[in-house]
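Topology and contacts: notes
The primary structure of each chain is shown beneath.
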Amino acid sequence: MQPAPPPTPPLKTNEQKPVPRAIVLTSHPRNAPGARPVAWGAGDAKARGPVVATLHSQPGRNAIGTHAGAYSLYRALAVAAGQLDAAHRPDLRNTRPAVPIGPFPQWAGDAIVSLDPWGHMPAEAFAGDIAAGLDIRPSIAVTRAHIDMPEVADAVRAGRLQPDGDVLLDNGGDRVTARVTKVAIEPVWHLPGVARRFGIPLPDLRRALFEHTGGMFPELVTRPDLDVFLPPIGGTTVYLFGDPARLGRKETRIACRIHDECNGSDVFGSDICTCRPYLAQGVEACIAMAQAGGVGVVVYNRKEGRALGEVTKFLVYNARKRQEGGDRAEAYFERTECVAGVQDMRCQELMPDVLHWLGITRIDRLISMSNLKYAPIVGSGIEVVERVPIPDWLIPADASVEMDAKKAAGYFTAAVPDAAELHEAKGRVLDA
């Protein structure tokens, strides 16, 4: 006789079967009055119309996805945990930009396809729509701040920079701070424009975005009437040095550093790459340009590990350090491709959009050696007068492998390493 099975333990609170309730699907068109397509590339805000991506604003919803980029998933978790009312509407009083940005001629047409040019000014651009009840939210915020970087203080001690009481402030002792205007930008993609930028059929783009996110956004394939997509990815922060009112003027000289996120180096000072030293060099160049009457622009994109992610990046580090023959430049890109399947996924084709949003038509000093950044900038119609490489004294010893590999791959440099130098193991061993 078989023993009786043990009693089934009671379900925990979070395992209880929910009471059935209606699920709001966004995958099928609705005959909703008030919804109108976004006329992307129109010459003014009213003709373009607002981007409405809030889920509880169904009559006017005209975009795929939702606001807040990658943080939208945290918002969903907060709603599920009962910490946030799903119908909450933010009180946007006194949140307007600290300084005006634009409009600039590039806001019309297809120079910008990955951000909403009017995203920082919905309260003034779409006041009538908001008064009519549409929940229109900013996708760009502009504020003022001071930044304190030890490398800037080092530049002052070395005599390369001088506090002027305007751009760069002397706080006494060894401390100096720089005045900046900070801009945070959430991605807003115009799918037809993105497809044209990459030279791929629009249906193929929409299908790939749907399939390779595990079907996260069915509207990509079921709602061809919606052309605007707010992807759940990291955004962009811009640091402006000098008077932003000078932007868009032909006589204004611009120094610019386009920087892609590297948490290990930028924040913690990891010395396997040149990211923080080059970022600091860019900040120094931007301060100097602002003090000379121009504007300095640092664009910081959330694309950790060449948009491969930090886990992949650390796996590649291990593979480089453990490979036969040691960590050497000739195998640098191959090690990345073996793990990730590709050398780089940053998709720099969309990167110049933020420069066009700032009204930039010429960069006098581009603090970058990257051919992958230079090509789309000039290809988008922005002139680059001077390219500024990182000096040898700023390159950490363990980063020489990366730098040699990039120079050999076409990065801007006065001297390309030869085959013997590329074959030499220069990186530290893993346990050193």
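Before reading on, note that the structure itself is shown above.
Here goes a summary of the coordinates provided. (Residues numbered from 1 in each chain as written. Predicted model: local features only at pLDDT ≥ 70, side-chain atom pairs only at ≥ 80, totals over all residues. Heavy atoms only, no water.)

Val238, Val297, Leu355, Trp357, Leu358, Ile360 and Ile377 are the most contacted members of the largest nonpolar core, which totals 38 residues. At the level of secondary structure, the elements contributing two or more residues to this core comprise β2 (140–147), β4 (176–185), β7 (236–241), β8 (254–260), β9 (295–301) and α13 (353–357). The residues contacting Val238, other than those within four sequence positions of it, are Thr181, Lys182, Val183, Ile185, Val297, Val298, Val299, Val354 and Leu358. Within the second largest apolar cluster, 24 residues are counted, among which are Ala145, Val167, Phe241 and Val283. (Core = buried A, V, L, I, M, F, W, Y, C linked by side-chain atoms within 4.5 Å. Buried < 20%, exposed > 50% of the residue type's maximum accessible area, 1.4 Å probe, protein only. Helix = DSSP H or I, 4+ residues; strand = E, 2+ residues; numbered from the N terminus. Contact = heavy atoms within 4.5 Å.)

Another point: the environment of Lys406. Here Lys406 lies in helix α15 (residues 400–408). Counting along the chain gives 74 residues from Lys406 to Tyr332, while the straight-line C-alpha distance between them is 8.9 Å. In contact with Lys406, not counting residues within four places along its chain, are Tyr332, Phe333 and Tyr411.

Another aspect to go through is the packing of aromatic side chains. For the structure on display, the rule yields eight aromatic pairs. On the numbers, 6.2 Å between centres and 85° between planes, the contact of Phe104 with Trp107 is edge-to-face. Ring geometry for Trp107 versus Trp357: centroids 6.3 Å apart, planes at 0°, classification stacked. One end of the pair, Trp107, is in the loop between α2 (72–80) and α3 (122–125); the other, Trp357, is in helix α13, with 250 residues separating them in the sequence. Residue class for Trp357 comes out buried when judged on its relative accessible area of 0%. Taken together through their ring pairs, the aromatic side chains of Phe104, Trp107, Trp118 and Trp357 make up a single cluster. The positively charged end of Arg48 is found above the aromatic ring belonging to Trp40, 5.6 Å away from the centroid. Positioned above the aromatic ring of Tyr374 is the side chain of Arg387, whose terminal nitrogen or guanidinium carbon lies 4.0 Å from the ring centre. (Phe/Tyr/Trp six-rings, centres within 6.5 Å; stacked < 30°, edge-to-face > 60°. Lys NZ or Arg CZ within 6 Å of the ring centre and 35° of its normal.)

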